[in-house]
Amino acid sequence: MTTLQHRRIHLLFRLSVVAVLTLGAARVVIDSSRHSHSMWPSSSMLLEWTTGRRYTTAVPIDVSVDEEIEEGCNVFQGSWIRENESLPLYGEESCPFLVKQTTCVRNGRSDSFYQDWRWRPDSCDLPRFDGMKLIEMLRNKRLMFVGDSVQRGMFESMICLVHSELPQVVRRSLHRIPPRKVFRVEEFNASIEYYWAPFLIESISDHATNHTVMKRLVKLDSVAKHSKEWEGADVLIFESYIWWMYKPTINATYGSLDDIQEYNVTTAYRLAMETWANWVDSRINRETQKIFFATMSPTHLWSWEWKPGTDGNCFNETHPIEGPYWGTGSNLDIMGVVEDVLGRLKVNVTVLNITQLSEYRKDGHPSIFGERKGKLLTKEQRSDPKNYADCIHWCLPGVPDTWNEILYALLLQDYRDQSII
């Protein structure tokens, strides 16, 4: 690929990232202004949720592990199989926690084929997701997703998967406490949470509503403000990628807050990951806590990558890509940094290698059936998918459900081994 092609790709990538991620702040403002599915909590209520003192304990559920990943099976290597009899695992209409950004059919998408694909590993089968088993494993525990808006989609997928299987008599609630969202299952004193931290380390983009990808300034050596919110969680799933990729350079401090310098993104990402890794090694209790790191979620911004000679994007795509494929939106240098940093950790961190399996799913994005600045696209905007299609986030039900099915399978393994869960 020529230097000119590289520059063209990066310019288009920047425009797409800005266009799509600017919807995040506006949507969160609207989202936060709505009532939660329960009353807004005081700090004392939040303490009561954490301790579970207010609620009756549910009778323990049998979590016999009759399904598990076969030893030696790589769950991230496989193929997508059409299966519309048992999928999707929940519906848009049955999950009250989905936001407009993800409800593609409700927003006007005429096909729902993207909901009918199951990921099948080459050498084993994934266990069927069982929301009641998961909540039993999380009894008196906290599971937290940490990252950007893509990670928020994984959180929303997980709570919909769980909600769809809970009996009606089991009380559950969703509370928005920016930069957190907390889904509670009261009888089990269990919570599934989301924490907004697009760079993991501290930055000027950490406010849940007042942030923009066009103004980035990160503190490469500081994670303390965030980590105090993470330390009490029993299971943590981290992710950070798309906010780094707006430009090949990023403004950052390392040491003195007055010394702002421009860093190459790969260099800055490594320093940030090392700061995060130092926190993991020094503060995580390997006997009681389980850590996951999700690799980058791919984008599908340029159709010529999977269909040479075209000049579109994910708009109007209805089927996965067949055969080997890796898009230019997934940065191999960043993947290398993740592999290197995680490989030097003393604490075991399980990698959720979602990138390759998601690369095939050009059909799974909101496209023109998402939102921008907190509102659904207008008719005029929908008529211009080249400039308005969201090919970064994912429809729900959809691809993030598979990420959570894999996460669930790995947690089942831990439960079997009685190591953490």
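By the naming in an unreviewed UniProt entry, the chain goes by Protein trichome birefringence-like 31 and is assigned to Salvia divinorum. UniProt's Subcellular location (unreviewed entry) comment on the chain is quoted here verbatim: "Membrane". Comment text from UniProt for the chain, heading Sequence similarities (unreviewed entry), reads "Belongs to the PC-esterase family. TBL subfamily."

(A) The arrangement of the packing of helix 6 (residues 265-283) against helix 7 (residues 332-343) in detail. One can describe the packing of helix 6 onto helix 7 by two numbers: an axis separation of 10 Å at closest approach and a directional angle of 25°. With respect to helix 7, the element helix 6 is oriented roughly parallel. Of the two possible hands of crossing, helix 6 and helix 7 adopt the one that is right-handed. Every residue of helix 7 that contacts helix 6 at Thr266, Tyr269, Arg270, Met273, Glu274, Trp276 and Ala277 is listed here: Asp333, Ile334, Val337, Val338, Asp340, Val341 and Leu342. Of the residues assigned to the contact of helix 6 with helix 7, the class counts are nine nonpolar, one polar and four charged.

(B) Structural detail: the sheet that holds strand 10 (residues 249-253). Across the sheet, four strands lie side by side as 7-8-10-11; this open sheet has mixed pairing. Of all strands in the sheet, those with a lone pairing partner are strand 7 (202-203) and strand 11 (260-264), marking the two edges. Where strand 8 (residues 217-219) lies against strand 10, three bridges are found, and the strand directions are parallel. Its bridge partner being in strand 10, Val218 is matched across the sheet by Ala252.

(C) The arrangement of the packing of helix 4 (residues 149-163) against helix 11 (residues 399-417) in detail. Contact geometry of helix 4 with helix 11 gives a least axis separation of 9 Å together with a crossing angle of 70°. By the angle class used here, helix 4 and helix 11 are roughly perpendicular. Crossing angle aside, the handedness with which helix 4 passes helix 11 is right-handed. Listed contacts from helix 11 to Val150, Gly153, Met154, Ser157, Met158 and Leu161 of helix 4 are Pro400, Asp401, Trp403, Asn404 and Leu407. Each residue belonging to the contact of helix 4 with helix 11 can be placed in one class, and the counts come to seven nonpolar, three polar and one charged.

(D) Highlighting unusual backbone geometry. A cis geometry characterises the amide bond from Leu87 onward to Pro88, with omega recorded as 0°. The topology assignment puts Pro88 in the loop between strand 1 (78-82) and strand 2 (117-121). The step from Leu396 to Pro397 runs through a cis peptide bond, and the omega angle for that step is -5°. Relative to the elements of secondary structure, Pro397 occurs in the loop between helix 10 (385-388) and helix 11. At Lys373, a position not held by glycine, the phi torsion is positive, near 55°. Within the element layout of this structure, Lys373 appears in the loop between strand 14 (371-372) and strand 15 (375-376).

(E) Just the state of the cysteines, in detail. The final tally for this structure, using the stated rule, is four disulfides. Two residues, Cys73 and Cys124, share a disulfide whose sulfurs are 2.0 Å apart. Every disulfide takes its handedness from the sign of the S-S torsion; for Cys73 and Cys124 that torsion is -65°, giving left-handed. Of the two residues, Cys73 is situated in the loop between helix 2 (43-51) and strand 1 and Cys124 in the loop between strand 2 and helix 3 (131-137); the sequence distance between them amounts to 51 residues. Each member of the pair, Cys73 as well as Cys124, carries the same accessibility label: buried. The disulfide that involves Cys104 links it to Cys395, with 2.1 Å between the sulfurs. The S-S bond linking Cys104 to Cys395 shows a torsion near -95°; that makes this disulfide left-handed. Here the residue Cys104 occupies a position in the loop between strand 1 and strand 2, and Cys395 occupies one in the loop between helix 10 and helix 11, the gap between them amounting to 291 residues.

What counts and how
Residues numbered from 1 in each chain as written. Predicted model: local features only at pLDDT ≥ 70, side-chain atom pairs only at ≥ 80, totals over all residues. Heavy atoms only, no water. UniProt positions renumbered as here; feature names shortened; annotations may be inferred. Axes fitted to C-alpha atoms, helices over the stretch in contact; angles between N-to-C directions. Helix = DSSP H or I, 4+ residues; strand = E, 2+ residues; numbered from the N terminus. Parallel < 35°, antiparallel > 145°, perpendicular 65-115°, else oblique. Left-handed = near helix turned anticlockwise from the far one by under 90°. Contact = heavy atoms within 4.5 Å. Nonpolar A, V, L, I, M, F, W, Y, C, P; charged D, E, K, R; others polar. Pairing = 2+ DSSP bridges. Disulfide = S-S within 2.5 Å. Buried < 20%, exposed > 50% of the residue type's maximum accessible area, 1.4 Å probe, protein only.

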